[in-house]
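Listed below are the residues making up each chain.
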Amino acid sequence: MTIGIDKIGFATSQYALNMADLAQARGADPAKFNEGLLLDALSITPITEDIITLGASAADSILTEEDCQTIDMVIVATESGVDQSKAAAVTIHHLLNIQPFARAIEMKEACYSATAALDYARLHIEKNPDSRVLVIASDIAKYGIETAGESTQGAGSLALLVSANPRILELDDNRVAQTRDIWDFWRPNYSETPYVNGMYSTKQYLDTLKTTWEEFQRRYQVTLEDFAAFCFHIPFPKLALKGLNKLITKDLNPDHKEKLLAQFDHSIAYSRQIGNIYTGSLYLGLLSLMENSHDLQGGDKIGFFSYGSGAVCEIFQGTLVDGFRDQLQSSRLDQFSQRQALSVAEYEALFYEQAQLDGQGNATFPAFKTGAFALTNINQHQRMYQKVADND
Ligand code: HMG
(Lines give C-alpha, C1' and ligand atoms only; values in the text may rest on other atoms or scores of the structure.)
Protein backbone atom coordinates (compact mmCIF):
# COMPACT_ATOMS: atom_id res chain seq x y z
CA MET A 1 0.00 0.00 0.00
CA THR A 2 1.25 3.47 -0.85
CA ILE A 3 0.27 6.53 1.20
CA GLY A 4 0.45 10.19 0.28
CA ILE A 5 -1.24 13.24 -1.19
CA ASP A 6 -4.42 12.48 -3.12
CA LYS A 7 -5.68 16.04 -3.65
CA ILE A 8 -4.28 19.56 -3.10
CA GLY A 9 -6.26 22.77 -2.71
CA PHE A 10 -5.00 26.33 -2.33
CA ALA A 11 -6.60 29.58 -1.17
CA THR A 12 -5.18 33.03 -0.81
CA SER A 13 -6.59 36.52 -0.31
CA GLN A 14 -8.40 38.60 -2.92
CA TYR A 15 -6.05 41.57 -2.39
CA ALA A 16 -2.41 42.06 -3.33
CA LEU A 17 0.40 44.53 -2.78
CA ASN A 18 2.84 44.95 -5.67
CA MET A 19 6.47 44.98 -4.58
CA ALA A 20 7.22 47.91 -6.91
CA ASP A 21 4.70 50.05 -4.97
CA LEU A 22 6.13 48.95 -1.62
CA ALA A 23 9.66 49.73 -2.83
CA GLN A 24 8.64 53.21 -3.92
CA ALA A 25 6.88 53.95 -0.61
CA ARG A 26 9.86 52.71 1.44
CA GLY A 27 12.50 54.45 -0.66
CA ALA A 28 14.01 51.14 -1.81
CA ASP A 29 15.23 50.20 -5.28
CA PRO A 30 12.45 47.97 -6.83
CA ALA A 31 15.22 45.61 -8.01
CA LYS A 32 16.04 44.86 -4.37
CA PHE A 33 12.66 43.13 -4.02
CA ASN A 34 12.21 41.74 -7.57
CA GLU A 35 15.79 40.50 -8.02
CA GLY A 36 17.25 40.58 -4.50
CA LEU A 37 14.36 38.62 -2.93
CA LEU A 38 12.70 37.29 -6.17
CA LEU A 39 9.31 38.66 -5.10
CA ASP A 40 6.75 40.45 -7.32
CA ALA A 41 3.67 40.75 -5.06
CA LEU A 42 2.31 39.78 -1.62
CA SER A 43 -1.17 38.51 -0.71
CA ILE A 44 -2.86 40.82 1.80
CA THR A 45 -5.85 39.79 3.93
CA PRO A 46 -8.66 41.98 5.29
CA ILE A 47 -10.00 41.48 8.83
CA THR A 48 -12.74 39.14 7.55
CA GLU A 49 -10.18 36.61 6.34
CA ASP A 50 -8.08 34.54 8.77
CA ILE A 51 -6.44 31.10 8.93
CA ILE A 52 -9.87 29.50 9.35
CA THR A 53 -11.48 31.12 6.28
CA LEU A 54 -8.36 30.50 4.18
CA GLY A 55 -8.08 26.89 5.35
CA ALA A 56 -11.78 26.13 4.84
CA SER A 57 -11.68 27.74 1.37
CA ALA A 58 -8.61 25.72 0.34
CA ALA A 59 -10.24 22.47 1.49
CA ASP A 60 -13.66 23.34 0.04
CA SER A 61 -12.07 23.70 -3.40
CA ILE A 62 -11.10 19.99 -3.48
CA LEU A 63 -13.43 17.99 -1.22
CA THR A 64 -16.49 16.03 -2.34
CA GLU A 65 -19.31 14.98 -0.03
CA GLU A 66 -17.88 11.47 -0.10
CA ASP A 67 -14.51 12.79 1.09
CA CYS A 68 -16.24 14.57 3.98
CA GLN A 69 -17.90 11.29 4.99
CA THR A 70 -14.58 9.40 5.12
CA ILE A 71 -12.19 11.98 6.61
CA ASP A 72 -11.53 10.94 10.21
CA MET A 73 -8.85 13.47 11.14
CA VAL A 74 -8.42 17.18 10.47
CA ILE A 75 -5.09 18.79 11.34
CA VAL A 76 -4.47 22.51 10.98
CA ALA A 77 -0.79 23.43 11.02
CA THR A 78 -0.35 27.11 11.81
CA GLU A 79 1.55 29.75 13.73
CA SER A 80 -1.20 32.37 13.27
CA GLY A 81 -3.82 30.68 15.46
CA VAL A 82 -6.87 32.74 16.44
CA ASP A 83 -7.42 31.05 19.80
CA GLN A 84 -5.03 29.72 22.45
CA SER A 85 -7.34 26.81 23.36
CA LYS A 86 -9.80 25.90 20.64
CA ALA A 87 -8.19 24.37 17.56
CA ALA A 88 -8.94 26.02 14.20
CA ALA A 89 -9.48 22.46 12.92
CA VAL A 90 -12.65 22.17 15.03
CA THR A 91 -14.26 25.17 13.31
CA ILE A 92 -13.07 24.02 9.88
CA HIS A 93 -14.45 20.54 10.55
CA HIS A 94 -17.84 22.18 11.17
CA LEU A 95 -17.69 24.57 8.20
CA LEU A 96 -16.94 21.67 5.83
CA ASN A 97 -19.63 19.35 7.27
CA ILE A 98 -17.14 16.56 7.95
CA GLN A 99 -18.67 13.48 9.61
CA PRO A 100 -18.66 13.78 13.44
CA PHE A 101 -16.47 10.80 14.42
CA ALA A 102 -13.23 12.55 13.57
CA ARG A 103 -10.26 13.97 15.48
CA ALA A 104 -9.56 17.70 14.98
CA ILE A 105 -6.36 19.32 16.25
CA GLU A 106 -3.95 22.20 15.68
CA MET A 107 -0.17 21.78 15.41
CA LYS A 108 2.59 24.35 15.86
CA GLU A 109 6.30 24.68 15.19
CA ALA A 110 6.71 27.83 13.10
CA CYS A 111 6.78 26.99 9.37
CA TYR A 112 7.60 23.33 9.96
CA SER A 113 4.45 21.87 11.52
CA ALA A 114 2.61 20.95 8.30
CA THR A 115 5.41 18.48 7.63
CA ALA A 116 4.89 16.84 11.04
CA ALA A 117 1.13 16.83 10.34
CA LEU A 118 1.66 15.13 7.01
CA ASP A 119 3.79 12.42 8.62
CA TYR A 120 1.25 11.93 11.42
CA ALA A 121 -1.42 11.53 8.73
CA ARG A 122 0.75 8.98 6.92
CA LEU A 123 1.28 6.92 10.08
CA HIS A 124 -2.43 7.07 10.93
CA ILE A 125 -3.35 5.73 7.49
CA GLU A 126 -0.75 2.99 7.76
CA LYS A 127 -2.84 1.62 10.68
CA ASN A 128 -6.24 2.61 9.21
CA PRO A 129 -6.01 2.14 5.43
CA ASP A 130 -9.60 3.27 4.72
CA SER A 131 -9.33 6.57 6.50
CA ARG A 132 -8.48 9.92 4.95
CA VAL A 133 -6.80 12.78 6.73
CA LEU A 134 -7.23 16.44 5.88
CA VAL A 135 -4.02 18.37 6.57
CA ILE A 136 -4.35 22.14 6.29
CA ALA A 137 -1.37 24.50 6.41
CA SER A 138 -2.75 27.98 6.98
CA ASP A 139 -0.95 31.20 7.92
CA ILE A 140 -0.86 34.95 7.61
CA ALA A 141 2.70 36.30 7.70
CA LYS A 142 2.62 39.80 9.21
CA TYR A 143 5.86 41.49 10.27
CA GLY A 144 4.82 45.12 10.84
CA ILE A 145 4.86 48.30 8.81
CA GLU A 146 8.37 49.51 7.88
CA THR A 147 10.10 46.51 9.48
CA ALA A 148 12.91 44.56 7.78
CA GLY A 149 10.55 41.63 7.25
CA GLU A 150 7.77 43.74 5.70
CA SER A 151 8.83 42.74 2.19
CA THR A 152 8.44 39.03 3.05
CA GLN A 153 4.82 38.99 4.26
CA GLY A 154 1.95 37.04 2.68
CA ALA A 155 -1.14 34.92 3.34
CA GLY A 156 -2.44 31.60 2.14
CA SER A 157 -3.51 28.08 2.88
CA LEU A 158 -2.84 24.66 1.40
CA ALA A 159 -5.24 21.75 1.95
CA LEU A 160 -3.74 18.29 1.48
CA LEU A 161 -6.00 15.24 1.42
CA VAL A 162 -3.89 12.28 2.54
CA SER A 163 -4.98 8.74 1.73
CA ALA A 164 -3.89 5.25 0.75
CA ASN A 165 -3.15 4.81 -2.96
CA PRO A 166 -2.86 8.57 -3.54
CA ARG A 167 -3.21 10.04 -7.01
CA ILE A 168 -0.61 12.83 -6.76
CA LEU A 169 2.42 12.05 -4.58
CA GLU A 170 3.47 8.98 -2.59
CA LEU A 171 5.37 9.79 0.58
CA ASP A 172 8.48 7.66 0.96
CA ASP A 173 9.94 6.45 4.28
CA ASN A 174 13.26 8.29 3.96
CA ARG A 175 13.33 11.31 6.26
CA VAL A 176 15.74 13.11 8.58
CA ALA A 177 14.73 15.88 10.99
CA GLN A 178 16.96 18.23 12.96
CA THR A 179 16.13 20.39 16.00
CA ARG A 180 18.17 23.40 17.20
CA ASP A 181 17.11 25.63 20.08
CA ILE A 182 17.80 29.05 18.53
CA TRP A 183 16.18 32.51 18.46
CA ASP A 184 16.04 33.36 14.78
CA PHE A 185 12.31 34.17 14.62
CA TRP A 186 9.69 33.92 17.38
CA ARG A 187 6.43 35.53 18.49
CA PRO A 188 5.64 35.78 22.22
CA ASN A 189 1.96 35.54 23.23
CA TYR A 190 1.81 39.29 23.90
CA SER A 191 2.96 40.31 20.43
CA GLU A 192 0.94 40.52 17.19
CA THR A 193 4.11 40.38 15.10
CA PRO A 194 7.29 38.28 15.34
CA TYR A 195 10.73 39.24 16.58
CA VAL A 196 13.30 38.37 13.95
CA ASN A 197 17.07 38.12 13.69
CA GLY A 198 16.83 38.31 9.90
CA MET A 199 20.36 37.60 8.69
CA TYR A 200 20.93 35.03 11.45
CA SER A 201 17.70 33.26 10.40
CA THR A 202 18.91 32.95 6.80
CA LYS A 203 22.25 31.51 7.98
CA GLN A 204 20.44 28.97 10.19
CA TYR A 205 18.12 28.00 7.32
CA LEU A 206 21.13 27.31 5.08
CA ASP A 207 23.22 25.58 7.74
CA THR A 208 20.43 23.25 8.91
CA LEU A 209 19.79 22.43 5.24
CA LYS A 210 23.47 21.57 4.64
CA THR A 211 23.91 19.44 7.76
CA THR A 212 20.56 17.64 7.42
CA TRP A 213 21.28 16.89 3.75
CA GLU A 214 24.68 15.42 4.70
CA GLU A 215 22.94 13.16 7.24
CA PHE A 216 20.18 12.26 4.74
CA GLN A 217 22.75 11.28 2.12
CA ARG A 218 24.75 9.29 4.66
CA ARG A 219 21.71 7.35 5.88
CA TYR A 220 20.05 6.65 2.52
CA GLN A 221 22.99 6.68 0.10
CA VAL A 222 21.31 9.11 -2.32
CA THR A 223 22.67 11.98 -4.40
CA LEU A 224 21.00 15.00 -5.99
CA GLU A 225 20.87 13.03 -9.24
CA ASP A 226 18.23 10.76 -7.69
CA PHE A 227 15.81 13.72 -7.63
CA ALA A 228 13.96 15.25 -10.57
CA ALA A 229 13.26 18.37 -8.49
CA PHE A 230 13.80 19.75 -4.99
CA CYS A 231 11.21 21.85 -3.14
CA PHE A 232 12.15 24.18 -0.29
CA HIS A 233 10.47 26.14 2.43
CA ILE A 234 10.17 29.55 0.72
CA PRO A 235 10.26 32.50 3.15
CA PHE A 236 11.26 34.40 0.00
CA PRO A 237 12.33 32.66 -3.21
CA LYS A 238 15.91 33.98 -3.24
CA LEU A 239 16.72 32.11 -0.02
CA ALA A 240 15.33 28.87 -1.45
CA LEU A 241 17.57 29.40 -4.51
CA LYS A 242 20.56 29.81 -2.20
CA GLY A 243 19.42 26.55 -0.60
CA LEU A 244 19.43 24.70 -3.91
CA ASN A 245 22.85 26.13 -4.74
CA LYS A 246 24.11 24.77 -1.40
CA LEU A 247 23.12 21.26 -2.46
CA ILE A 248 24.63 21.52 -5.92
CA THR A 249 28.23 20.28 -5.82
CA LYS A 250 30.94 20.77 -8.46
CA ASP A 251 30.75 17.12 -9.51
CA LEU A 252 27.01 17.26 -10.33
CA ASN A 253 26.27 16.44 -13.97
CA PRO A 254 25.80 19.85 -15.71
CA ASP A 255 22.65 18.65 -17.54
CA HIS A 256 21.08 17.59 -14.26
CA LYS A 257 22.07 20.87 -12.65
CA GLU A 258 20.34 22.75 -15.48
CA LYS A 259 17.20 20.60 -15.06
CA LEU A 260 17.08 21.17 -11.30
CA LEU A 261 17.42 24.93 -11.78
CA ALA A 262 14.65 24.94 -14.41
CA GLN A 263 12.32 22.95 -12.12
CA PHE A 264 13.23 25.30 -9.28
CA ASP A 265 11.94 28.26 -11.31
CA HIS A 266 8.57 26.48 -11.66
CA SER A 267 8.49 25.79 -7.92
CA ILE A 268 8.82 29.49 -6.99
CA ALA A 269 6.37 30.85 -9.60
CA TYR A 270 3.46 31.02 -7.10
CA SER A 271 5.48 32.24 -4.11
CA ARG A 272 6.80 35.15 -6.19
CA GLN A 273 3.17 36.37 -6.35
CA ILE A 274 1.97 35.35 -2.86
CA GLY A 275 4.93 35.93 -0.49
CA ASN A 276 5.63 33.88 2.63
CA ILE A 277 2.72 31.74 3.86
CA TYR A 278 4.79 30.12 6.62
CA THR A 279 3.58 26.48 7.13
CA GLY A 280 2.15 26.19 3.64
CA SER A 281 5.01 27.65 1.65
CA LEU A 282 6.88 24.38 1.06
CA TYR A 283 3.65 22.84 -0.27
CA LEU A 284 2.84 25.91 -2.34
CA GLY A 285 6.24 25.28 -3.93
CA LEU A 286 5.22 21.68 -4.72
CA LEU A 287 1.89 22.83 -6.19
CA SER A 288 3.63 25.50 -8.26
CA LEU A 289 6.17 22.96 -9.53
CA MET A 290 3.53 20.40 -10.53
CA GLU A 291 1.17 22.93 -12.18
CA ASN A 292 3.82 24.89 -14.08
CA SER A 293 6.39 22.28 -15.11
CA HIS A 294 5.60 20.23 -18.21
CA ASP A 295 8.37 17.66 -18.11
CA LEU A 296 7.82 15.88 -14.81
CA GLN A 297 6.38 12.37 -14.92
CA GLY A 298 5.09 9.55 -12.72
CA GLY A 299 7.95 7.84 -10.87
CA ASP A 300 9.99 11.04 -10.56
CA LYS A 301 11.40 11.56 -7.08
CA ILE A 302 10.93 14.97 -5.44
CA GLY A 303 13.08 16.07 -2.49
CA PHE A 304 11.71 18.38 0.22
CA PHE A 305 13.34 20.72 2.72
CA SER A 306 10.95 21.87 5.44
CA TYR A 307 12.19 24.59 7.85
CA GLY A 308 10.49 26.21 10.82
CA SER A 309 12.26 28.81 12.91
CA GLY A 310 13.11 28.05 16.47
CA ALA A 311 14.18 25.69 14.79
CA VAL A 312 13.08 22.33 13.38
CA CYS A 313 13.78 21.20 9.85
CA GLU A 314 13.30 18.00 7.91
CA ILE A 315 14.39 16.57 4.59
CA PHE A 316 12.12 13.92 3.12
CA GLN A 317 11.12 12.61 -0.28
CA GLY A 318 8.11 11.63 -2.35
CA THR A 319 7.37 10.00 -5.70
CA LEU A 320 5.01 11.46 -8.32
CA VAL A 321 2.16 9.16 -9.29
CA ASP A 322 1.31 8.40 -12.94
CA GLY A 323 -1.49 10.75 -14.02
CA PHE A 324 -0.84 13.22 -11.18
CA ARG A 325 -1.68 16.17 -13.47
CA ASP A 326 -5.31 14.96 -13.76
CA GLN A 327 -5.80 15.99 -10.09
CA LEU A 328 -4.41 19.50 -10.58
CA GLN A 329 -5.35 22.76 -12.25
CA SER A 330 -3.33 24.38 -14.99
CA SER A 331 -1.23 27.32 -13.82
CA ARG A 332 -3.00 29.67 -11.38
CA LEU A 333 -0.88 32.69 -12.28
CA ASP A 334 -3.78 34.28 -14.19
CA GLN A 335 -6.03 33.88 -11.11
CA PHE A 336 -3.44 35.62 -8.95
CA SER A 337 -3.34 38.56 -11.36
CA GLN A 338 -7.10 39.04 -10.73
CA ARG A 339 -6.51 40.02 -7.08
CA GLN A 340 -7.33 43.65 -6.32
CA ALA A 341 -4.13 45.69 -6.21
CA LEU A 342 -3.86 47.87 -3.09
CA SER A 343 -2.01 51.14 -2.69
CA VAL A 344 0.49 51.13 0.18
CA ALA A 345 -1.86 53.27 2.31
CA GLU A 346 -4.74 50.82 1.63
CA TYR A 347 -2.51 47.85 2.49
CA GLU A 348 -1.45 49.44 5.79
CA ALA A 349 -5.08 50.08 6.77
CA LEU A 350 -6.40 46.69 5.60
CA PHE A 351 -3.68 44.31 6.82
CA TYR A 352 -3.28 45.92 10.24
CA GLU A 353 -6.93 46.58 11.13
CA GLN A 354 -7.83 45.24 14.60
CA ALA A 355 -11.32 44.21 15.78
CA GLN A 356 -12.92 46.93 17.93
CA LEU A 357 -14.78 44.92 20.58
CA ASP A 358 -17.53 46.51 22.69
CA GLY A 359 -17.88 45.79 26.43
CA GLN A 360 -19.67 42.47 25.73
CA GLY A 361 -17.06 41.26 23.24
CA ASN A 362 -19.02 42.02 20.07
CA ALA A 363 -17.66 43.42 16.82
CA THR A 364 -18.99 43.72 13.27
CA PHE A 365 -16.98 44.13 10.09
CA PRO A 366 -17.51 45.75 6.71
CA ALA A 367 -17.94 43.33 3.79
CA PHE A 368 -14.54 42.78 2.19
CA LYS A 369 -13.77 40.39 -0.64
CA THR A 370 -12.89 36.91 0.68
CA GLY A 371 -12.72 33.35 -0.62
CA ALA A 372 -15.51 30.82 -0.07
CA PHE A 373 -15.74 31.60 3.68
CA ALA A 374 -15.69 34.84 5.67
CA LEU A 375 -15.46 35.91 9.29
CA THR A 376 -18.71 37.87 9.61
CA ASN A 377 -18.59 39.15 13.21
CA ILE A 378 -17.49 38.44 16.76
CA ASN A 379 -20.33 37.64 19.14
CA GLN A 380 -19.48 37.61 22.86
CA HIS A 381 -15.84 36.82 22.01
CA GLN A 382 -16.90 33.97 19.69
CA ARG A 383 -15.76 34.20 16.07
CA MET A 384 -18.64 33.70 13.62
CA TYR A 385 -18.06 32.37 10.10
CA GLN A 386 -20.24 31.98 7.05
CA LYS A 387 -20.00 30.42 3.62
CA VAL A 388 -20.02 33.18 1.02
CA ALA A 389 -22.13 32.48 -2.05
CA ASP A 390 -20.56 35.12 -4.22
CA ASN A 391 -17.37 36.94 -3.26
CA ASP A 392 -17.72 39.95 -5.60
P1 HMG B 1 16.85 42.87 3.48
O2 HMG B 1 16.92 44.19 4.11
O3 HMG B 1 15.93 42.75 2.28
O4 HMG B 1 18.32 42.30 3.16
O5 HMG B 1 16.40 41.81 4.53
P6 HMG B 1 19.45 42.64 2.16
O7 HMG B 1 19.85 44.07 2.28
O8 HMG B 1 20.47 41.57 2.41
O9 HMG B 1 18.86 42.46 0.67
C10 HMG B 1 18.30 41.27 0.26
C11 HMG B 1 18.91 40.86 -1.10
O12 HMG B 1 18.64 41.90 -2.04
C13 HMG B 1 20.42 40.68 -1.07
O14 HMG B 1 20.69 39.60 -1.94
C15 HMG B 1 20.93 41.99 -1.68
O16 HMG B 1 22.22 41.87 -2.30
C17 HMG B 1 19.85 42.24 -2.72
P18 HMG B 1 21.84 38.53 -1.58
O19 HMG B 1 23.11 39.28 -1.48
O20 HMG B 1 21.46 37.95 -0.23
O21 HMG B 1 21.78 37.54 -2.67
N22 HMG B 1 19.77 43.64 -3.17
C23 HMG B 1 19.58 44.00 -4.44
N24 HMG B 1 19.44 43.27 -5.58
C25 HMG B 1 19.25 43.96 -6.75
N26 HMG B 1 19.19 45.31 -6.82
C27 HMG B 1 19.32 46.07 -5.71
C28 HMG B 1 19.53 45.42 -4.46
N29 HMG B 1 19.68 45.86 -3.18
C30 HMG B 1 19.83 44.75 -2.40
N31 HMG B 1 19.25 47.40 -5.81
C32 HMG B 1 15.82 39.70 5.40
C33 HMG B 1 16.37 40.42 4.21
C34 HMG B 1 15.74 38.22 5.09
C35 HMG B 1 16.75 39.88 6.59
C36 HMG B 1 14.41 40.27 5.74
O37 HMG B 1 13.58 40.20 4.63
C38 HMG B 1 13.77 39.57 6.90
O39 HMG B 1 14.11 39.80 8.07
N40 HMG B 1 12.78 38.65 6.60
C41 HMG B 1 12.13 37.86 7.61
C42 HMG B 1 13.00 36.69 8.07
C43 HMG B 1 13.14 35.62 7.01
O44 HMG B 1 12.41 35.54 6.06
N45 HMG B 1 14.10 34.69 7.25
C46 HMG B 1 14.30 33.58 6.37
C47 HMG B 1 14.91 32.38 7.10
S48 HMG B 1 13.95 31.95 8.54
C49 HMG B 1 12.59 31.10 7.88
O50 HMG B 1 12.59 30.73 6.74
C51 HMG B 1 11.43 30.90 8.77
C52 HMG B 1 10.26 31.85 8.57
O53 HMG B 1 9.54 31.49 7.41
C54 HMG B 1 9.37 31.86 9.81
C55 HMG B 1 8.88 30.54 10.39
O56 HMG B 1 9.53 29.52 10.37
O57 HMG B 1 7.80 30.60 10.97
C58 HMG B 1 10.73 33.27 8.37
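Everything quoted here is computed from the prediction, not taken from an experiment.

**Examining the overall build of the protein**
For the protein, the count of helices and strands is 13 helices and 17 strands. Counting only C-alpha atoms and orienting by the principal axes, one finds that the protein spans roughly 65 × 55 × 40 Å. Across the 392 residues in the protein, those meeting the buried criterion constitute 56%. Across the protein, every contact between residues at least 6 apart in sequence was considered, and the portion connecting residues at least 24 apart equals 75%. Of the roughly 16,900 Å² that the protein leaves accessible, carbon and sulfur atoms contribute 46%. In the protein, 32 side chains carry a positive charge and 50 a negative one; their mean positions are 4 Å apart.

**Focus on the packing of aromatic side chains**
Counted under the stated rule, the structure contains 21 aromatic pairs. Centroid distance tyrosine 205 to phenylalanine 305: 5.2 Å. Interplanar angle 90°. Geometry classified as edge-to-face. Highlighted residues: tyrosine 205 in helix H7 (residues 198–220) and phenylalanine 305 in strand S12 (residues 301–308), separated in sequence by 100 residues. Seen from their ring centres, phenylalanine 304 and phenylalanine 316 are 4.8 Å apart, and the 10° between their planes marks the pair as stacked. Of this pair, phenylalanine 304 sits in strand S12 while phenylalanine 316 sits in strand S13 (residues 312–320), and the two are twelve residues apart along the sequence. On the basis of relative accessibility, which here comes to 1%, the residue phenylalanine 316 falls in the buried class. Taken together through their ring pairs, the aromatic side chains of Trp213, Phe216, Tyr220, Phe227, Phe230, Phe232 and Phe264 make up a single cluster. Directly above the aromatic system of phenylalanine 351 lies the positively charged group of lysine 142, at a separation of 4.8 Å from the ring centroid. In this structure, lysine 142 is placed above the aromatic ring of tyrosine 352, and the distance from its NZ or CZ to the ring centre is 5.7 Å.

**Concerning the confidence of the model for the protein**
The pLDDT averaged across the protein works out to 97; a share of 99% of its residues lies at or above 70. Across the protein, strand S4 (residues 71–77) holds the top mean pLDDT of 99, while helix H4 (residues 65–70) sits lowest at 96.

**Quick notes on unusual backbone geometry**
Of note, the bond from glycine 310 into alanine 311 is cis; its omega dihedral lies within 30 degrees of zero at 10°. For alanine 311, the position within the fold is in the loop between S12 and S13. Notably, asparagine 97 is not glycine yet its phi reads approximately 55°, a positive angle. One non-glycine residue, alanine 110, lies in positive phi territory at about 45°. Mapped onto the secondary structure, alanine 110 falls in the loop between strand S5 (103–107) and helix H6 (113–127). For alanine 110, a relative accessible area of 10% puts it in the buried group.

**As for the sheet that holds strand S14 (residues 340–341)**
Read across the open sheet, the three strands follow the order S3-S2-S14; overall the sheet is mixed. Each of the sheet's edge strands pairs with one partner strand only, and the pair in question is strand S3 (41–44) and S14. Relative to S14, strand S2 (residues 15–18) runs parallel, the two sharing two bridges. Its bridge partner being in S14, tyrosine 15 is matched across the sheet by glutamine 340. Taken strand by strand, helix H1 (residues 19–26) contacts S2 and S3, and its axis lies near 55° from that of S2.

**Observations regarding the layout of surface pockets**
Its volume calculated, the second largest pocket comes out at about 880 Å³. Ala148, Gly149, Thr152, Gly198 and Phe236 are, among the 39 residues lining the second largest pocket, the residues nearest its centre. Those elements giving two or more residues to the lining of the second largest pocket turn out to be H1, helix H2 (30–37), H7 and helix H8 (237–247). Residue contributions to the lining of the second largest pocket peak at seven residues, all from H7. Classifying every residue of the lining of the second largest pocket gives 19 nonpolar, eleven polar and nine charged.

Analysis parameters
Residues numbered from 1 in each chain as written. Predicted model: local features only at pLDDT ≥ 70, side-chain atom pairs only at ≥ 80, totals over all residues. Heavy atoms only, no water. Helix = DSSP H or I, 4+ residues; strand = E, 2+ residues; numbered from the N terminus. Buried < 20%, exposed > 50% of the residue type's maximum accessible area, 1.4 Å probe, protein only. Contact = heavy atoms within 4.5 Å. Areas by Shrake-Rupley, 256 points an atom, 1.4 Å probe, with all protein chains shown as cover. Lys, Arg positive; Asp, Glu negative; His and termini not counted. Charge placed at Lys NZ, Arg CZ, Asp CG, Glu CD. Phe/Tyr/Trp six-rings, centres within 6.5 Å; stacked < 30°, edge-to-face > 60°. Lys NZ or Arg CZ within 6 Å of the ring centre and 35° of its normal. pLDDT = per-residue confidence, 0-100. Pairing = 2+ DSSP bridges. Axes fitted to C-alpha atoms, helices over the stretch in contact; angles between N-to-C directions. 1 Å grid on protein atoms, 1.4 Å probe; cavity = no way out; pocket = protein on both sides within 12 Å on 5 of 7 lines; lining within 4 Å. Points joined across faces, edges and corners; volume = space filled by probe spheres on them. Nonpolar A, V, L, I, M, F, W, Y, C, P; charged D, E, K, R; others polar.

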